[in-house]
Amino acid sequence: MAKFSGIVEKRLLTVTEKENELTLVFEDNRFLFVSLKDGKLHSESVPE
C-alpha cells in the first residue's frame, strides 16, 4: 500500500469517469488513475 501513501487522508476533490477509466483528484494536486484493461484493474498515482 506504499504506492497510495501520498493520498491517505487527503481530501477527494473531483472524480471524472471515462470509458474503462476513473480519475480521482485529491488536494495537493495528487491524481489517482484507475482503469480496466483486459478484465483487470490497474492503478497509477501521480505523484507517487
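What counts as what
Residues numbered from 1 in each chain as written. Predicted model: local features only at pLDDT ≥ 70, side-chain atom pairs only at ≥ 80, totals over all residues. Heavy atoms only, no water. Pairing = 2+ DSSP bridges. Helix = DSSP H or I, 4+ residues; strand = E, 2+ residues; numbered from the N terminus. Salt bridge = Lys/Arg side-chain N within 4 Å of Asp/Glu carboxyl O. Buried < 20%, exposed > 50% of the residue type's maximum accessible area, 1.4 Å probe, protein only. Contact = heavy atoms within 4.5 Å.

### Regarding the pairing of strand 2 (residues 21–26)
Consideration 1: Pairing analysis gives six bridges linking strand 1 (residues 12–18) to strand 2, with the strands arranged antiparallel. In the sheet register, Lys18 faces strand 2, and the bridge partner there is Glu21.
Consideration 2: The hairpin formed by strand 1 and strand 2 contains two residues between the paired strands, and Asn20 there has a positive phi angle of roughly 65°.
Consideration 3: Inspection of the sheet shows strand 2 paired to strand 3 (residues 30–37) by six bridges, in the antiparallel sense.

### Concerning the pattern of salt bridges
Consideration 1: Enumeration according to the criterion identifies two salt bridges in this entry.
Consideration 2: The closest approach of N and O atoms between Asp28 and Lys10, which form a salt bridge, is 2.8 Å. With Asp28 in the loop between strand 2 and strand 3 and Lys10 in the segment before strand 1, the pair connects residues that are 18 residues apart, well separated along the chain.
Consideration 3: When its relative accessible area of 26% is taken as the criterion, Lys10 is described as partly exposed.
Consideration 4: With its nearest N and O atoms 3.6 Å apart, the salt bridge here joins Arg11 to Glu27. Of the two residues, Arg11 is situated in the segment before strand 1 and Glu27 in the loop between strand 2 and strand 3; the sequence distance between them amounts to 16 residues.
Consideration 5: A relative accessible area of 53% means that Arg11 is categorised as exposed.

### A short note on the side chain of Ser45
Consideration 1: Here Ser45 shows up in strand 4 (residues 40–46).
Consideration 2: When residues no more than four places from it in sequence are discounted, the contact partners of Ser45 are Lys3, Phe31 and Leu32.

### Things to note about the side chain of Ser35
Consideration 1: With respect to the helices, strands and loops of the structure, Ser35 is situated in strand 3.
Consideration 2: Note on Ser35: relative accessible area 12%, which makes it buried.
Consideration 3: If we skip the residues at most four places from it in the chain, Ser35 touches Asn20, Glu21, Lys40, Leu41 and His42.

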